[in-house]
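# Architecture and fold: a report
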Amino acid sequence: MILLTKPEEVFLVQFHEQKGDRVGARPGDFLPAAYFQKTETETPGIELEGVLDTLVARHLVEHDAERDGYTLTQEGYDYLYTREGGRRITEE
């Protein structure tokens, strides 16, 4: 089970927010690096330096240097939407 910090979750959830609640993110979805830079500007008080590198290291997103952005992996999707995601697990 992966537990993400608040800044890591803020960036990962950007994939969901880009698509909206009705559609949701899917593995393979791409967001340009500029999208995350915009999020960083609009999120005062949260240290976001190095967050994308951590998400890549945890295999939740992949860096796409050719398109200058990031792609959501199956692991990232699972974190967002399944019981396997650290913050999505509830006690029953």
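Everything below is about the structure printed above this text.
Residues numbered from 1 in each chain as written. Predicted model: local features only at pLDDT ≥ 70, side-chain atom pairs only at ≥ 80, totals over all residues. Heavy atoms only, no water.

### Observations regarding the sheet that holds strand 3 (residues 69–72)
Hydrogen bonds between backbone atoms are what pair the strands of a sheet, whose relative direction is either parallel or antiparallel. This is how the line gets drawn: Strands are labelled as partners when DSSP assigns at least two bridges between them. Strands here are runs of E lasting at least two residues and helices are runs of H or I lasting at least four, both read from the DSSP assignment and numbered beginning at the N terminus. Lines fitted to the C-alpha atoms define the axes, with helices restricted to the stretch that makes contact. Angles between their N-to-C directions range from 0 to 180 degrees.
Taking strand neighbours across the sheet as the criterion, the 3 strands line up as 1-3-2 in an open arrangement whose pairing is antiparallel. The sheet is open, and its two borders are formed by strand 1 (30–32) and strand 2 (61–64), each paired with just one other strand. Adjacent strand axes in the sheet meet at a mean angle of 25°, parallel and antiparallel pairs treated alike.

### Side note on the pattern of salt bridges
What counts, and what does not: Salt bridges are defined by distance alone: a side-chain nitrogen of Lys or Arg within 4 Å of a carboxyl oxygen of Asp or Glu.
For the structure shown, the criterion picks out 3 salt bridges. In this structure, the salt-bridge partner of Lys-19 is Asp-29, at a minimum N-O distance of 3.7 Å. Of this pair, Lys-19 sits in helix 1 (residues 6–19) while Asp-29 sits in the loop between helix 1 and strand 1, placing them 10 residues apart in sequence.

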